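Fold and geometry: a report
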Protein chains: 2
Amino acid sequence: MKANLEDIAREAGVSKMTVSRVLRGGQGFSNETRTRVMQVAEKLGYVHNKLAAAFGSDQASTLVGMCVPRLTSGLFGHVLDGVDRALGRLGYQLMIGANNHSPQEEEDWVRQVISWRPAGLILSGRHHTPATIDLLRKAGSPVVEIWDLTTSPVDMSVGFSHADCGTEMGQYLLRHGRRRAGYVGALARADVMGQARRDGFEQAFSRAGHPMVDAEVLHDAPGFYAGYYGLETLLSRCRTLDVVYFHNDEMAIGGLAFCQSRGIRVPEDLGIAGWGGMEAAAILPRRLTTTVVPTTAIGKAAAEALVARLKGEHVQDVTVVPTRLVPGETG
Amino acid sequence: MKANLEDIAREAGVSKMTVSRVLRGGQGFSNETRTRVMQVAEKLGYVHNKLAAAFGSDQASTLVGMCVPRLTSGLFGHVLDGVDRALGRLGYQLMIGANNHSPQEEEDWVRQVISWRPAGLILSGRHHTPATIDLLRKAGSPVVEIWDLTTSPVDMSVGFSHADCGTEMGQYLLRHGRRRAGYVGALARADVMGQARRDGFEQAFSRAGHPMVDAEVLHDAPGFYAGYYGLETLLSRCRTLDVVYFHNDEMAIGGLAFCQSRGIRVPEDLGIAGWGGMEAAAILPRRLTTTVVPTTAIGKAAAEALVARLKGEHVQDVTVVPTRLVPGETG
DNA sequence: TACCCCAACGTTACCGGTAAACCTGACAAA
DNA sequence: TTTGTCAGGTTTACCGGTAACGTTGGGGTA
């Protein structure tokens, strides 16, 4: 049914090896031979078998594994897109997985993916189980950790510092006269990166002599609803806040919606700040004060670092992709 | 460096085949042998080689390919999530790609993925190039077409009818007194499914004797900005519309934002209807009238259909996953 | 006692590519 | 004429699993 190199070789009157060389665009055959082989391959509907190729020689795998925290995250959709575009152009295939912010699930995923002997791996975050790190080192293939920058990566790292995002936003809001800050987040234990932003934010206020007043962290997906009800809860406990920092833009927009429904004026009565740079945040009633993350650029940079390493080029271990605080009309 | 079955076999004093059987949890060995083999495997840090396994026997591949229109789409993020959860639990790996609404790009992707001899494929939409269909048939592996229902699938189909979505929304708006309808879309040529919704919508109004007045289709990503400016353009051409149907919720929210900025009252002056069921749409200032698509359920159903087929169970060719028109406060 | 059967293994062939080494004839230079 | 070189091939071995089948020894049964 399915043709293989040998079928083509027989039909074209050459050896298997010659067919292999022709189809991979190598050298060592005449033009005449090439056209004949190509025609036969076309005629028989030959489809290259990467399984056999990758298995037979350990150089040829074009598989790249990538693990993100959640596939439903709008931000990671863009990162995936950046990676896919950069890799796809070069003939690599992307194998994906989600770890739901759990290092243990990440380890399970890595174990699965390693068994396909991928050319490289892209992981999100810098917290991995010891077993994961052991697997990665033994596998020997290049690894890029993205999103959360680390100065001592397993191999390579592309991203930014979440703590700095929080600090920068805290300092910005302090400069604009905010003194009584609150925080609304979600998935406290799970999302270490959101926690890092919160820590950076708190630190900025503490150092300025205005420690953060209160925080509300829901055990829920960090979406619009969580932002809406999180702010409701927070304000019911503490009416004197003058600014609230949200885990991300979706939640901040939920918070904005809550303010609107209760007649709380933004930014006069309450400042609102998000994080992430959702497209929606830029056009909604009031432009949201937030930190824009260059998601696609991170994906692209990660893919390019991986490919460069695969080609044996020198790659710097740590690539910083800067975020940008965008002052809006809400804080 | 890396241990293989033979290394384990030597160390444990058994044959390669026995090790293989033990590690796959089969039969034909004593308990004593099993513990010994397991210990040695653990000690040597053995990692199963799926490449070799899938290559050696054509039964064993646990690779599933999935192609979506755009990785940045919020809706498809949820579909991916549904697929990944259902497949991951069963030990399958997901290989993804994006076709940017282009059958040609889809064909290129299928060609790449087929060369990995995947256990199955999940494609989005029902429009494929003849070469794609040919490849799929030759490959012989199960194929699920999702999102856009077809009555004559290549193999299996899971989804709903986009035309019906449009028709249903048209009829709903007609029942609520709307007579002069407009449409704002994006990526006209590329997105055949959006076009189907528009066609269904137009037909509903035509049949009722109130043909659609005007439409604006931007050659841009179907996001907030496109909705905002698309509505601006449409209304500048035609001030007497009493309802506008948008390509999707993101665009509808952009349209809402435009109305708010110009003091156009919704729904009194103008009705707004979207499609898709973004979480944001449900909580924003006014709850958006839209069609909610059960994204995760579609992903789950597709994965389950695929797995059932792989297990040789009988699977119905076409699975309808119903959408739900949600009346909001905007139309 | 002879025979069969079965658990618990071992042997062999094979999947479809690729790397590496080898071959061959034509032509040029010594 | 001999030798070297090179284009244009061919041959062989091998990757690491798995399927299919062969083997062996001990116990039950006729």
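The sections below set out a description of the structure shown in this document. All values reported here derive from a predicted model rather than from experimental measurement.

**Side note on the interface of chain B and chain A**
Tallying the contact residues gives 50 residues for chain B and 50 residues for chain A. At the boundary of chain B with chain A, total buried surface from both sides reaches about 5000 Å², with 67% on carbon and sulfur atoms. Connecting chain B to chain A are zero salt bridges. One can count 16 residue pairs in polar contact (both at pLDDT 80 or more) joining chain B with chain A. Mapped by element, the contributors of at least two residues to the side of chain B that touches chain A are helix H4 (50–56), helix H5 (74–89), strand S2 (93–98), helix H6 (103–114), helix H7 (130–139), helix H10 (224–237) and helix H11 (249–262) of chain B. Residues belonging to the side of chain B that touches chain A are distributed by class as follows: 26 nonpolar, 16 polar and eight charged. Sheet topology note: the strand S2 (residues 93–98) of chain A/S2(B) ladder contains three bridges and is antiparallel.

**Regarding the pairing of strand S1 (residues 63–68) of chain B**
Where a strand is regular, its side chains alternate between the two sheet faces. Residues and elements named next belong to chain B. Counting buried positions along S1 gives six out of six residues, so the element sits mostly inside the fold. Residue alternation in S1 divides its side chains into two sets, Leu63, Gly65 and Cys67 and Val64, Met66 and Val68, and both sets are buried. Where S1 lies against S2, six bridges are found, and the strand directions are parallel. Opposite Val64, over in S2, you have Leu94 as the bridge partner. Handedness of the S1-H5-S2 crossover: right-handed. When S1 meets strand S3 (residues 120–124), the two strands line up parallel, connected through four bridges. In the strand pairing of S3, Gly65 is matched with Leu121.

**Considerations on the protein's contact with DNA strand C**
Near DNA strand C there are 25 residues, and of these A:Ser20, B:Ser15, B:Thr18, B:Ser30 and B:Thr33 occur at the shortest range. Backbone atoms, meaning sugar plus phosphate, form 54% of the atoms of DNA strand C positioned within 4 Å of the protein. Within the backbone of A:Leu5, an N or O atom sits 2.9 Å from a phosphate oxygen of DNA strand C. Contact between DNA strand C and B:Thr18: a phosphate oxygen at 2.7 Å from a side-chain N or O atom of the residue. Elements with a contribution of two residues or more to the surface near DNA strand C: helix H2 (16–23) and helix H4 (50–56) of chain A together with helix H2 (16–23) and H4 of chain B. Examining the composition of the surface near DNA strand C, we find that four residues originate from one element, H4(A), more than from any other. Split by residue class, the surface near DNA strand C holds ten nonpolar, twelve polar and three charged.

Thresholds applied
Residues numbered from 1 in each chain as written. Chains lettered and ligands numbered in written order. Predicted model: local features only at pLDDT ≥ 70, side-chain atom pairs only at ≥ 80, totals over all residues. Heavy atoms only, no water. Contact = heavy atoms within 4.5 Å. Buried area = accessible area lost by both parts, 1.4 Å probe. Salt bridge = Lys/Arg side-chain N within 4 Å of Asp/Glu carboxyl O. Polar contact = N/O pair within 3.5 Å; in protein donor to acceptor, adjacent residues only side chain to side chain. Helix = DSSP H or I, 4+ residues; strand = E, 2+ residues; numbered from the N terminus. Nonpolar A, V, L, I, M, F, W, Y, C, P; charged D, E, K, R; others polar. Pairing = 2+ DSSP bridges. Buried < 20%, exposed > 50% of the residue type's maximum accessible area, 1.4 Å probe, protein only. Right-handed = clockwise from strand over helix to strand, strands pointing away. Near = heavy atom within 4 Å.

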